[in-house]
Amino acid sequence: MAFSLIYFLKRFILITDKDYMVTILVEKWRDEAYERLQREWIRGVLAGLDEVDEETSKKILKNCGEACAKIWLDSYGYDPEYYDLSSWIRLIQQLDPEIRSVSIVGNNIIYELKPKECLCPLVSGNVVKLTSKLCSSCSTGFFEYIFKKVTKKTVKAKVIESFATGANKCVFQIQIQA
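Everything numeric in this text was worked out from a predicted model, so none of it was measured. (Residues numbered from 1 in each chain as written. Predicted model: local features only at pLDDT ≥ 70, side-chain atom pairs only at ≥ 80, totals over all residues. Heavy atoms only, no water.)

S.K.: How would you sum up the sheet that holds strand β1 (residues 100–105)? Please name residues and give values.
M.R.: One open sheet accounts for four strands, arranged β1-β2-β4-β3; its pairing is antiparallel. The sheet terminates laterally at β1 and β3 (155–161), the two strands that pair on one side only. The sheet shows a mean angle of 20° between the axes of neighbouring strands, taken without regard to direction. Across the sheet, helix α3 (residues 85–93) touches β1, β2 (108–113) and β4 (170–176), and the angle it forms with β1 is around 160°. Across the face of the sheet, helix α5 (residues 132–151) comes into contact with β2, β3 and β4 while running at roughly 140° to β3. (Pairing = 2+ DSSP bridges. Helix = DSSP H or I, 4+ residues; strand = E, 2+ residues; numbered from the N terminus. Axes fitted to C-alpha atoms, helices over the stretch in contact; angles between N-to-C directions. Contact = heavy atoms within 4.5 Å.)

Written out as structure tokens, the structure reads:
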């Protein structure tokens with residue numbers, strides 16, 4: 001009786017450990033497959049944007065930029081609605097001050113980034129290729145979302161220069177509408 005109980009316990013432990021390892025391997029495979037799916041899905045959507053008219057493509061990429069802004073704000077725990085423009089600019093200038101410069105010139109905010117490479121995690125993660133189309137629509141959607149929340153006014157962002165156009169920095173102009 002003692003022998004069969006010990007045998008049973010050893011078999012149970014082996015089966016449990018084996019099942020645990022199988023579970024870990026399956027979860028790892030799912031995570032990797034899911035990550036590949038996300039990458040390929042995003043690439044597919046971007047490739048599909050070449051099949052639609054320019055206006056539709058820009059609207060879709062602007063929405064992507066807004067979604068990115070929401071995630072960025074959430075990751076830092078910031079709510080731009082609680083800041084006025086001056087306090088918001090002071091706050092964001094403290095983030096990586098060696099690469100970020102923000103100034104106000106009249107009704108325009110000049111937002112300059114001087115990183116070594118594009119800051120977009122999809123570009124730096126090789127999920128998408130940096131293009132002028134992507135930069136001019138997605139990044140402007142990012143800045144328009146944030147600065148509309150800060151100023152509580154309509155804003156219009158545009159790319160002045162960027163890595164996508166061959167520059168060694170990214171400069172955006174965000175115009176605050178009256």
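Moving on from the coordinates now.
S.K.: Give me the lowdown on the environment of Lys 148, citing residues and values where you can.
M.R.: Along the chain, Lys 148 turns up in helix α5. In sequence terms Lys 148 and Ile 174 are 26 residues apart; their C-alpha atoms lie 9.7 Å from each other. Once residues within four sequence positions are removed from consideration, Lys 148 is found in contact with Lys 153 and Val 155.

S.K.: Can you break down the layout of surface pockets residue by residue, with the values?
M.R.: The calculated volume of the largest pocket comes to roughly 580 Å³. Around the largest pocket, the lining is made up of 27 residues, and of these Leu 113, Leu 119, Cys 120, Pro 121 and Phe 142 lie nearest the centre. Looking at the lining of the largest pocket, the elements with two or more residues in it are α2 (54–76), α3, β2, α4 (121–124), α5 and β4. In terms of residue count, α5 provides more of the lining of the largest pocket than any other element does, eight residues in total. Residues that form the lining of the largest pocket fall into these classes: 24 nonpolar, one polar and two charged. (1 Å grid on protein atoms, 1.4 Å probe; cavity = no way out; pocket = protein on both sides within 12 Å on 5 of 7 lines; lining within 4 Å. Points joined across faces, edges and corners; volume = space filled by probe spheres on them. Nonpolar A, V, L, I, M, F, W, Y, C, P; charged D, E, K, R; others polar.)

S.K.: For the side chain of Glu 112, give the residues involved together with the corresponding values.
M.R.: Here Glu 112 is to be found in strand β2. Separated by 3.4 Å, the side chains of Glu 112 and Lys 114 make a polar contact. Here Glu 112 is in contact with Ile 99, Arg 100, Ser 101, Lys 169, Cys 170 and Val 171, once residues within four sequence places are set aside. (Polar contact = N/O pair within 3.5 Å; in protein donor to acceptor, adjacent residues only side chain to side chain.)

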